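One-letter residues, chain by chain:
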Amino acid sequence: MELTPVTDLPEIRPGDDLAELIAERAGDDLESGDVLTVASTVVSKAEGRVADLEEYPVSARAQEIADTIGDLTEEEKDPRFAQAVLEESTELLIDCPFLLTETRFGHINVNAGIDQSNVPGHDLLLLPKRPTKSAERIREGLAEHGYDDIAVIVTDTCGRPFRHGQRGVAIGWAGMPASRDWRGEMDRDGDELEVTVQSVIDELASAANLVTGEGADGVPAVVVSDWEFGDLEGSNELFRSVEDDLVRQALREWDWK
Ligand code: GDP
Ligand code: MN
Ligand code: MN
Ligand code: MN
């Protein structure tokens, strides 16, 4: 497989047509059947998901969170920031010493994925409201510009429990399944695989994140070519339901104060 950055994209502004901007620059690097990853940062900018702290009147809950939160950045200690996180979330899983929440589209992340880097002119960048819808729109837009059948993955950089270091994950996708189901395949020892479902969209997002970097590179979109999903069954499950998630159940039970 090959990973190719889409270069020369401008600073993205509300209302920009990302599919068009990418189509104008991708040239022959992008072909039918390829995967295109797009950083959620630019999807959010194009969708106008910027915000300022002054827009968030502080609730009692947000004030309580800000009063007890650990030694974080100045923004994170601001009760208006806590309010922004609450408004993006359906469940608060950890409220001290940092905020871990479920976003409205089912993704669990620190601070509801609200970003404070690469956001010129505003305090905050919220995640796209429906990243899978965003991916579908970009996929359709690319088709309108002559790039048929491009699978699109919207990515974000997230921390990981149990391990140091952040990495890219998929938060929305279109034109390909989320996972490749290896169950029923054989290992080299002739044993049948019973549990392995490979989250290919996360793996592609991580690979692409190596190309985008995290700072000032200005590379939010990456073409993945010469990669095949293959013949295995696909699945579109990504976010676990509560019933299916022991860690989350344990967090609900745990009194962390
Ligand atoms: P996130 O992982 O979605 O939060 O995005 P990052 O903030 O890590 O940025 C990923 C890549 O996109 C980096 O190379 C940034 O420099 C780049 N980037 C962020 N915003 C823009 C933008 O508006 N225009 C361009 N051309 N690149 C951007
Ligand atoms: Mn960022
Ligand atoms: Mn981010
Ligand atoms: Mn990133």
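The structure contained in this document is the topic of the report that follows.

Conventions adopted
Residues numbered from 1 in each chain as written. Chains lettered and ligands numbered in written order. Predicted model: local features only at pLDDT ≥ 70, side-chain atom pairs only at ≥ 80, totals over all residues. Heavy atoms only, no water. Axes fitted to C-alpha atoms, helices over the stretch in contact; angles between N-to-C directions. Helix = DSSP H or I, 4+ residues; strand = E, 2+ residues; numbered from the N terminus. Parallel < 35°, antiparallel > 145°, perpendicular 65-115°, else oblique. Left-handed = near helix turned anticlockwise from the far one by under 90°. Contact = heavy atoms within 4.5 Å. Nonpolar A, V, L, I, M, F, W, Y, C, P; charged D, E, K, R; others polar. Pairing = 2+ DSSP bridges. Phe/Tyr/Trp six-rings, centres within 6.5 Å; stacked < 30°, edge-to-face > 60°. Lys NZ or Arg CZ within 6 Å of the ring centre and 35° of its normal. Donors = N, O, S within 2.8 Å, 3.2 Å for Na, K, Ca; no water. Buried < 20%, exposed > 50% of the residue type's maximum accessible area, 1.4 Å probe, protein only.

1. Considering the packing of helix α1 (residues 18-26) against helix α6 (residues 131-144)
Right, so step 1: For the pair α1 and α6, interaxial distance at closest approach is 8 Å and the crossing angle is 45°. It follows that α1 is oblique to α6 by the angle criterion. The two elements α1 and α6 cross, and the hand of that crossing is right-handed. On α6, the residues that touch L18, A19, I22 and A23 of α1 are I138, G141 and L142.
Right, so step 2: Class assignment of the residues belonging to the contact of α1 with α6 gives a composition of six nonpolar, one polar and no charged.

2. Notes on the sheet that holds strand β12 (residues 221-225)
Right, so step 1: The strand order across the open sheet formed by five strands is β1-β12-β2-β8-β9, and the pairing between neighbours is mixed. Both outer strands of the open sheet, β1 (2-5) and β9 (163-174), are each paired with one neighbouring strand and no more. Taken over all neighbouring pairs, the strand axes of this sheet differ in orientation by 30° on average, direction set aside.

3. Quick look at the packing of helix α3 (residues 60-68) against helix α5 (residues 79-87)
Right, so step 1: In the contact formed by α3 and α5, the axes pass within 8 Å of each other and the chain directions differ by 120°. What the angle tells us is that α3 and α5 run oblique. In this structure, the crossing between α3 and α5 has a hand that is right-handed. Across the interface between the two elements, R61, A62, Q63, I65 and A66 of α3 pack against P79, A82, Q83 and L86 of α5.
Right, so step 2: Taken together, the residues of the contact of α3 with α5 break down into six nonpolar, two polar and one charged.

4. Digging into the packing of aromatic side chains
Right, so step 1: Summed over the entire model, instances satisfying the criterion amount to two aromatic pairs.
Right, so step 2: Relative to F239, the ring of F105 lies with its centre 6.2 Å away and its plane at 65°, an arrangement referred to as edge-to-face. With F105 in the loop between β5 (100-103) and β6 (108-110) and F239 in the loop between β13 (233-235) and α8 (246-253), this residue pair connects regions lying 134 residues apart in the sequence.
Right, so step 3: With 6.4 Å between their ring centres and 85° between their planes, W227 and F229 make a pair best called edge-to-face.
Right, so step 4: Over the ring of F229 we find R180; its NZ or CZ atom is 5.9 Å from the centre of that ring.

5. With respect to the coordination of the manganese ion (ligand 4)
For a metal with four tetrahedral donors the ideal donor-metal-donor angle is 109.5 degrees, whereas six octahedral donors ideally subtend 90 or 180 degrees.
Right, so step 1: Only T157 (OG1) and E214 (OE) from the protein coordinate the manganese ion (ligand 4), and they sit 2.1 Å from it.
Right, so step 2: Relative accessible area serves as the criterion here: at 25%, T157 is assigned to the partly exposed category.
Right, so step 3: Take E214: its relative accessible area is 47%, and that puts it in the partly exposed class.

6. Quick look at the coordination of the manganese ion (ligand 3)
Right, so step 1: Distances from the manganese ion (ligand 3) to its protein donors, namely D115 (OD) and D156 (OD), fall within the range 2.1 to 2.2 Å.
Right, so step 2: Between the two metals, the manganese ion (ligand 3) and the manganese ion (ligand 2), the spacing is 3.9 Å, and D115 donates to both. Here D115, found in the loop between β6 and β7 (124-125), pairs with D156, found in strand β8 (residues 151-160); they are 41 residues apart in sequence, far enough to count as distant.
Right, so step 3: Of the residues examined, D156 reaches a relative accessible area of 7% and is grouped as buried.

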